[in-house]
Amino acid sequence: MNDEAARGTDPQARDVSERLDRIQAASFFAADHVAPVEGKLYINGGFFNMLRFPSYPAIVQTLGIGASLVVPWHAYQQDHHFVVTLRDEDRRELPLRIEGGFRVGADLLMRHGDPSVVNIGGTVPNVVFERPGHYHLRLQVDDEELGRWDLQVVQLPGGFPSAAVPGSPQSGG
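Calculation notes
Residues numbered from 1 in each chain as written. Predicted model: local features only at pLDDT ≥ 70, side-chain atom pairs only at ≥ 80, totals over all residues. Heavy atoms only, no water. Helix = DSSP H or I, 4+ residues; strand = E, 2+ residues; numbered from the N terminus. Polar contact = N/O pair within 3.5 Å; in protein donor to acceptor, adjacent residues only side chain to side chain. Contact = heavy atoms within 4.5 Å. Buried < 20%, exposed > 50% of the residue type's maximum accessible area, 1.4 Å probe, protein only. Phe/Tyr/Trp six-rings, centres within 6.5 Å; stacked < 30°, edge-to-face > 60°.

Caption draft 1: Representation of the side chain of His80 in the model. Checked against the element boundaries, His80 lands in strand E6 (residues 80-87). A distance of 2.6 Å separates polar atoms of two side chains, one belonging to His80 and the other to Asp142. Beyond its immediate sequence surroundings of up to four residues, His80 is in contact with Ile23, Ala75, Gly100, Gly101, Phe102 and Asp142.

Structural data, given as structure tokens:
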């Protein structure tokens, strides 16, 4: 063992250790709708980063949020807690907070040491944006930030076609 490994400062040793017991977000995103079904995420209108409105406050009738977490086998048989929040550009938490928990066990068909994928998601109704600006969704698992999804919320100029307004019949969304 080299001196760095003995002191715990060896970057390679840290990488191996983190891969063994650290949950990672393979994806974290916003969508029109997200539904978890039998371990899969069904997504409609996913992975956008801009919302456009003619006036404020504005309401997003449905905001889907999804995450795919990779859970290494050293994190099995433990209770894990996740929190999703919406924050404004001043990092203030807005009234959208989702919390939950999960526990993973090894599937009989997995090889020793294989990670598991845990998909979490859902759709939040009537999300209010008081003003244009930069917002972000934040994902934490076990008090560690694993994902962030930025949303730019913009004011449409006067006379802009209604097809650019989310949820309008002409826009298809």
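Caption draft 2: Representation of unusual backbone geometry in the model. Residues Tyr56 and Pro57 are joined by a peptide bond in cis, for which omega reads 0°. Its place among the elements puts Pro57 in the loop between strand E4 (50-53) and strand E5 (58-71). Of note in this structure, Arg91 is not a glycine but carries a positive phi near 65°. Classification of Arg91 as exposed rests on a relative accessible area of 63%. The residue Asp143 is not glycine, and still its phi comes out positive at about 65°. Among the secondary structure elements, Asp143 is positioned in the loop between strand E9 (133-141) and strand E10 (144-155). Overall, the relative accessible area of 74% leaves Asp143 in the exposed class.

Caption draft 3: Representation of the packing of aromatic side chains in the model. Scanning all chains against the criterion turns up 4 aromatic pairs. Ring centres 4.3 Å apart and planes at 25° place the aromatic pair Phe29 and Phe47 in the stacked group. Separated by 18 residues along the polypeptide, Phe29 in strand E1 (residues 24-31) and Phe47 in the loop between strand E3 (40-44) and E4 bring together distant segments of the chain. On the accessibility criterion, Phe29 (1% relative accessible area) is buried. Ring plane angle 75° and centroid distance 5.9 Å describe the contact between Phe47 and Trp149, whose orientation is recorded as edge-to-face. Here Trp149 lies in strand E10 and Phe47 lies in the loop between E3 and E4, a separation of 102 residues in the sequence. In this structure an aromatic cluster arises from ring pairing among Phe29, Phe47 and Trp149.

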